[in-house]
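Structural overview
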Amino acid sequence: MERAASSDVGFCIMTQNKGDMMLKTFSITDIGKKRKLNQDYVFTSEIPVGRLDNLFIVADGMGGHNAGDYASKYTIETIVEEIEKAKEDSSVAVLEKAIKSANSHIRMKSQENEGLNGMGTTVVAATIRDGQMCVANVGDSRLYVINQEIKQITIDHSLVEEMVRMGGIKREQARSHPDKNIITRAIGAEDELEIDFFQVKLKKGDFVLMCSDGLTNMIEDEDIRMILQGQRDIVEKAEALVAAANNNGGKDNIAVILIEPFADEVNE
């Protein structure tokens, strides 16, 4: 299978040659131990989507009843549809137009249906070409690059992250802060949407981790790195992350996409 979208417990594993690069990916979502509904949604495609060579998206929906899972699923579907018909050449331009279109659609649906009023979702999206990764982010779902160290590429759009940057609280206090779930940007929150973009040069031995806060609120960054190092293959790595989050309480839905950009190269 080369393309998959899911908000259910399960996974999709794929490999696809792209020039001299072989991408290997594994994605999984899990409802966790406390929620009654899975509002996380993921999309993975190693084959081209429109003018993008590949596409990976994590969305963490919010809203009462069915609104959160509708928001995450509909947002990803809209982004993919917009990318498939995009004429822009640059990855940033393609992603920006698609994500802003999804924001407009979510705003419209929210106004049309009282049951969907106030819904929204985070989005972190990535595409890789010739070892260069373009990342787009809205909200507090994250993208990391992990090798001998773990580096968070995205910046959380959350109240506690702003407090950390302003010096109001220390980084280690943020995880347990009572306002840690308040996000300052989301798809569907405002008519005008600001998106963060990042360009990352990948190298041999790197793993890319995209995830919702159901993972990162349950596991420290360094523990994430150690879990990945302690497992044999990409499937076991992802499943071990989900298991650790659940073992630590599983307070939220968990979404994980793992990407091994140079899967055909042997690490030195």
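So, a few notes on the structure that sits alongside this text. (Residues numbered from 1 in each chain as written. Predicted model: local features only at pLDDT ≥ 70, side-chain atom pairs only at ≥ 80, totals over all residues. Heavy atoms only, no water.)

What follows is about the overall build of the chain. In terms of helices and strands, the chain carries 7 helices and 13 strands. Within the chain, the fraction of its 268 residues that count as buried is 54%. Within the chain, contacts between residues at least 6 apart in sequence are counted, and of these 67% link residues at least 24 apart. Here the chain has roughly 12500 Å² of accessible surface; of this, 46% comes from carbon and sulfur atoms. (Helix = DSSP H or I, 4+ residues; strand = E, 2+ residues; numbered from the N terminus. Buried < 20%, exposed > 50% of the residue type's maximum accessible area, 1.4 Å probe, protein only. Contact = heavy atoms within 4.5 Å. Areas by Shrake-Rupley, 256 points an atom, 1.4 Å probe, with all protein chains shown as cover.)

Along the polypeptide, arginine 51 turns up in the loop between strand 4 (40-45) and strand 5 (55-62). When its relative accessible area of 40% is taken as the criterion, arginine 51 is described as partly exposed. Considering only alpha carbons, one finds arginine 51 and lysine 87, 36 residues apart in sequence, at a separation of 7.7 Å. Those residues within four positions of arginine 51 in sequence are excluded, and the remaining contacts are Ile83, Ala86, Lys87, Glu88, Asp89 and Arg129. A distance of 2.6 Å separates a polar atom in the side chain of arginine 51 from a polar atom in the side chain of aspartate 89. (Polar contact = N/O pair within 3.5 Å; in protein donor to acceptor, adjacent residues only side chain to side chain.)

With 14 residues, helix 7 (residues 234-247) should reach 20 Å at 1.5 Å per residue; the first-to-last C-alpha distance of 20 Å fits that figure. Considered for burial, the residues of helix 7 that qualify are Ile234, Lys237, Ala238, Ala240, Leu241, Val242, Ala244, Ala245 and Asn246. The N-capping residue of helix 7, defined by a side-chain oxygen 3.1 Å from the backbone nitrogen of valine 235, is aspartate 233. Taken from the residues just after helix 7, glycine 249 is the one with a positive phi, measuring 135°. (Expected span 1.5 Å × (residues − 1).)

Between helix 6 (residues 221-229) and helix 7, whose axes approach to 9 Å, the crossing angle comes to 140°. If you check the angle between helix 6 and helix 7, you find them oblique. Crossing angle aside, the handedness with which helix 6 passes helix 7 is right-handed. For the pair formed by helix 6 and helix 7, the contact residues are Ile224, Ile227, Leu228 and Gln229 on the first element and Lys237, Ala240, Leu241 and Ala244 on the second. Here the residues of the contact of helix 6 with helix 7 sort into 6 nonpolar, 1 polar and 1 charged. (Axes fitted to C-alpha atoms, helices over the stretch in contact; angles between N-to-C directions. Parallel < 35°, antiparallel > 145°, perpendicular 65-115°, else oblique. Left-handed = near helix turned anticlockwise from the far one by under 90°. Nonpolar A, V, L, I, M, F, W, Y, C, P; charged D, E, K, R; others polar.)

Moving on, we get to the pattern of salt bridges. Evaluation of the coordinates by the stated rule reveals 15 salt bridges. Where aspartate 53 meets arginine 129, a salt bridge forms, and the shortest distance between an N and an O atom there is 3.1 Å. In this pair, aspartate 53 is assigned in the loop between strand 4 and strand 5 and arginine 129 in strand 7 (residues 123-129), connecting sequence segments 76 residues apart. Note on aspartate 53: relative accessible area 12%, which makes it buried. When its relative accessible area of 35% is taken as the criterion, arginine 129 is described as partly exposed. Residues lysine 100 and glutamate 96 are paired through a salt bridge, measuring 3.3 Å at the closest nitrogen-oxygen approach. (Salt bridge = Lys/Arg side-chain N within 4 Å of Asp/Glu carboxyl O.)

In the case of a regular strand, side chains alternate between the two sheet surfaces. Taking burial as the measure, the 7 residues of strand 7 include 6 buried ones, the bulk of the element. Of the pairings in the sheet, the one linking strand 7 to strand 8 (residues 132-138) comprises 7 bridges and is antiparallel in character. Bridge pairing links threonine 127 to cysteine 134 in strand 8. The loop that links strand 7 with its antiparallel partner strand 8 comprises 2 residues; one of these, aspartate 130, has a positive phi angle of about 55°. (Pairing = 2+ DSSP bridges.)

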